[in-house]
Amino acid sequence: MMNLPEVGNGGGSGFPAVSVGNKKNKYQRMDSDAEESQNHLEAEARNSRTRKYVMACAFFASLNNVLLGYDVGVMSGAVLFIQQDLKITEVQTEVLIGSLSIISLFGSLAGGRTSDSIGRKWTMALAALVFQTGAAVMAVAPSFEVLMIGRFLAGIGIGLGVMIAPVYIAEISPTVARGFFTSFPEIFINLGILLGYVSNYAFSGLSVHISWRIMLAVGILPSVFIGFALCVIPESPRWLVMKGRVDSAREVLMKTNERDDEVEERLAEIQLAAAHTEGSEDRPVWRELLSPSPVVRKMLIVGFGIQCFQQITGIDATVYYSPEILKEAGIQDETKLLAATVAVGVTKTVFILFATFLIDSVGRKPLLYVSTIGMTLCLFCLSFTLTFLGQGTLGITLALLFVCGNVAFFSIGMGPVCWVLTSEIFPLRLRAQASALGAVGNRVCSGLVAMSFLSVSRAITVGGTFFVFSLVSALSVIFVYALVPETSGKSLEQIELMFQGGLERKDGEVELGDAERLVRKEQEF
């Protein structure tokens, strides 16, 4: 009789036992594949939710920056009508335009301590409220003196908002996309400038008494949305850890990071940094900034220096006084002047979008090289055009081309990267107030340029003034080469380690296992 192999279950079916095992393995593999596919789908869904959530936070946090941009853009045209309505002098015009930048430094100075006390989120709300009040006063001002009162309030609000938005976004963004999200405030500044130019053109047909008031009043609208934003955005997880609210910080990190292990890693790094912050409370932050250690001094030179160079290369003169510049080139009709400034605003806004998508993949430093070199060339060519080719069709065309080129190169690098770097390079305990100090440098330089442009131009001509700007821009190329580090792809805590030990590797990465050294090395501060 033929012997049949035994079946695996001891029955008499006559099938080999191995066939039953194969079926079981097959089903197990199918179950494993199905589980892996389900996990992949869940991970993709979480990644999508995270990106959308962080983008919404960055969007709403940047709304205050629309106010600064709108003021810069709208004032360039509104001042033409204010001069006629309130009969202000050239010196009063310079004070009116430039004072906002000077006044905003007080808001930026107050913003550091305020955000450490009441939080990043509520500082943004305070900024919007103060600006709304100032804009309303300016819109109904019957005299230059009342107009300046509103200007003062608007400047304080703008100073608060400009300082806190990049800090908040940098602290809430995942490392891999921090540059992308932290460049949002600069995008919104450019959007505000464009809206200001469009507002000038749209309302220029009204009476002299009404037109500029409506132009300024429209600036209230963006800040209204801040109230809605407070219902959407969370508090900064790093601020929450500083205040001992670790569980709340973890909840925020769960929404802003794509993986649970990344959440715990980020939280551990933040807690280590915050632990030393608590140990340093006996030394006030401002004393540490005014009498810095070598490491902090290096950070301050980079942060404060890049903020100053952003403005002393003359970008606010280009934007505030673009009608004056184009009038010098040969355009005399006010409507055509305002229409030409819209082209400048469109260019500035479009090119900031390029920077937003390149800042993490290409890196901060390459964009700064392209920006500063391009600005230097455009400023020099604009100087040459206004000096030797003005008052003709060729001069007008080239002047408009080089003005647009200057703002384009600014927007692709110096504009957004400046704020990204300043929000990244400082340690947690110093970040808010050190960023405020950088914003102060930015606003002071902006104010000095805006308040002196007309007077300097009368003394050495508009072309001569832009030649000076081109020389300063050339110096900014050297500054970027010599002092600015590459921070792309590093967490905020890793950047701190990089400054402390000069640990930037050839591949651009910093060791991740040196968390304990963060505490040891910070004793040197």
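Residues numbered from 1 in each chain as written. Predicted model: local features only at pLDDT ≥ 70, side-chain atom pairs only at ≥ 80, totals over all residues. Heavy atoms only, no water.

Chemist: Mind showing me how you'd approach the overall build of the protein here?
Modeler: Helix and strand counts for the protein stand at 22 helices and zero strands. Here the protein holds 525 residues, and the buried ones make up 57% of them. By element, 65% of the accessible surface of the protein is carried by carbon and sulfur atoms, the whole surface being about 21,500 Å². (Helix = DSSP H or I, 4+ residues; strand = E, 2+ residues; numbered from the N terminus. Buried < 20%, exposed > 50% of the residue type's maximum accessible area, 1.4 Å probe, protein only. Areas by Shrake-Rupley, 256 points an atom, 1.4 Å probe, with all protein chains shown as cover.)

Chemist: Sorry if this is basic, but what is going on with the side chain of Ser115 here?
Modeler: Mapped onto the elements of the fold, Ser115 is located in helix H3 (residues 90-118). With sequence-adjacent residues up to four places away left out, Ser115 is seen in contact with Arg120, Thr123, Met163, Ile164, Trp239 and Ala432. (Contact = heavy atoms within 4.5 Å.)

Chemist: I tried to follow the packing of aromatic side chains on my own but got confused; where do I start?
Modeler: Geometrically, a pair of aromatic rings is defined through the distance of the ring centres and the angle of the planes. Taken as a whole and judged by the stated rule, the model has 13 aromatic pairs. Measuring from centroid to centroid gives 5.4 Å for Phe180 and Phe184, while their planes differ by 70°, and the two rings are edge-to-face. With centroids separated by 5.0 Å and ring planes inclined at 20°, the aromatic side chains of Tyr321 and Phe453 adopt a geometry described as stacked. Linking Tyr321 in the loop between helix H15 (315-320) and helix H16 (322-329) with Phe453 in helix H20 (residues 428-483), this pair joins segments that are 132 residues apart in sequence. Joined through ring pairs, the aromatic side chains of Phe180, Phe181, Phe184 and Phe357 make up one cluster. (Phe/Tyr/Trp six-rings, centres within 6.5 Å; stacked < 30°, edge-to-face > 60°.)

Chemist: Help me understand unusual backbone geometry in this model?
Modeler: Most peptide bonds take the trans configuration, and most residues that are not glycine carry a negative phi. In this structure, Lys87 is a non-glycine residue whose phi angle is positive, near 55°. By the element assignment, Lys87 lies in the loop between helix H2 (63-86) and H3. Despite not being glycine, Thr461 has its phi angle at roughly 75°, a positive value. Checked against the element boundaries, Thr461 lands in helix H20.

Chemist: Hey, could you run me through the pattern of salt bridges in this one?
Modeler: When their charged atoms lie close together, side chains carrying opposite charge are able to pair. In this structure the tally under the stated criterion is ten salt bridges. Note that Glu265 and Arg266 form a salt bridge whose closest N and O atoms lie 3.3 Å from each other. Two residues, Glu424 and Arg364, come together in a salt bridge whose shortest N-O distance is 2.4 Å. Taken together, the positions of Glu424 in helix H19 (residues 393-424) and Arg364 in helix H18 (residues 364-388) put the pair 60 residues apart, joining distant regions of the chain. We note that Glu424, like Arg364, is buried. Several salt bridges converge on common partners, so that one network encompasses Asp116, Arg120 and Glu171. (Salt bridge = Lys/Arg side-chain N within 4 Å of Asp/Glu carboxyl O.)

Chemist: What should I look at first to understand a nonpolar patch on the surface in this one?
Modeler: A cluster of nonpolar side chains, Val346, Val350, Phe351, Phe354, Leu358 and Val362, forms an exposed patch at the surface whose accessible area comes to about 450 Å². Relative to the helices and strands, Val346 resides in helix H17 (residues 334-358). Judged by its relative accessible area of 38%, Val346 is partly exposed. (Patch = residues over 30% accessible without salt bridge, like charges linked within 9 Å, V, L, I, M, F, W, Y side chains within 5 Å.)

Chemist: How should the environment of Ser108 be read in this particular structure?
Modeler: You can see Ser108 is positioned in helix H3. Each C-alpha atom of the pair Ser108 and Gly155 lies 9.6 Å from the other, and the pair is 47 residues apart in sequence. For Ser108, the contacting residues outside a window of four places in its chain are Gly159, Leu160, Met163, Ala436, Ala439, Val440 and Arg443.

Chemist: Would you take a moment to explain the side chain of Thr422 for this structure?
Modeler: Within the element layout of this structure, Thr422 appears in helix H19. Thr422 gets classed as buried once you look at its relative accessible area, which sits at 2%. With near-sequence residues (within four places) excluded, Thr422 lies in contact with Gly303, Ile306, Gln307 and Ser435.

Chemist: Help me understand H16, please; the structure alone is not making it clear to me.
Modeler: An α-helix turns once every 3.6 residues. As a result, residues three or four positions apart point the same way. Here H16 has its buried residues at Ser322, Pro323, Ile325, Leu326 and Ala329. End-on, the buried residues of H16 take up no more than an arc of 160°, which puts them together on one face. (Arc of directions from axis to C-beta.)

Chemist: Explain the packing of H16 against H19 to me, please; I cannot follow it from the model alone.
Modeler: Two packed helices can be described by the angle between their axes and the distance between those axes. In the contact formed by H16 and H19, the axes pass within 8 Å of each other and the chain directions differ by 150°. Regarding the angle of H16 to H19, the classification is roughly antiparallel. By crossing handedness, the relation of H16 to H19 is classed as right-handed. Touching Ile325, Leu326 and Ala329 of H16 are Gly395, Ile396, Ala399, Leu400 and Val403, all from H19. Within the contact of H16 with H19, the residues separate by chemical class into seven nonpolar, one polar and no charged. (Axes fitted to C-alpha atoms, helices over the stretch in contact; angles between N-to-C directions. Parallel < 35°, antiparallel > 145°, perpendicular 65-115°, else oblique. Left-handed = near helix turned anticlockwise from the far one by under 90°. Nonpolar A, V, L, I, M, F, W, Y, C, P; charged D, E, K, R; others polar.)

Chemist: Can you help me understand the nonpolar core in this one?
Modeler: Nonpolar side chains in soluble globular proteins tend to be buried together. By size, the foremost hydrophobic cluster in this structure holds 127 residues, and its most contacted members are Ile82, Leu96, Leu147, Phe453 and Phe466. Broken down by element, this core gets its largest block of residues, 16 residues, from H20. Dropping the residues within four chain positions of it, Phe466 is found in contact with Thr318, Ile325, Leu379, Leu382, Ser383, Leu386 and Phe453. (Core = buried A, V, L, I, M, F, W, Y, C linked by side-chain atoms within 4.5 Å.)

Chemist: Is there a simple way to explain the environment of Lys348 in this structure?
Modeler: Position of Lys348 relative to the elements: it lies in helix H17. With 29 residues separating them in the primary sequence, Lys348 and Val319 have C-alpha atoms 9.8 Å apart. In this structure, Lys348 is in contact with Glu186, Asn190, Ile193, Ile315, Val319, Val407, Phe410 and Ser411, ignoring residues within four places of it in sequence.

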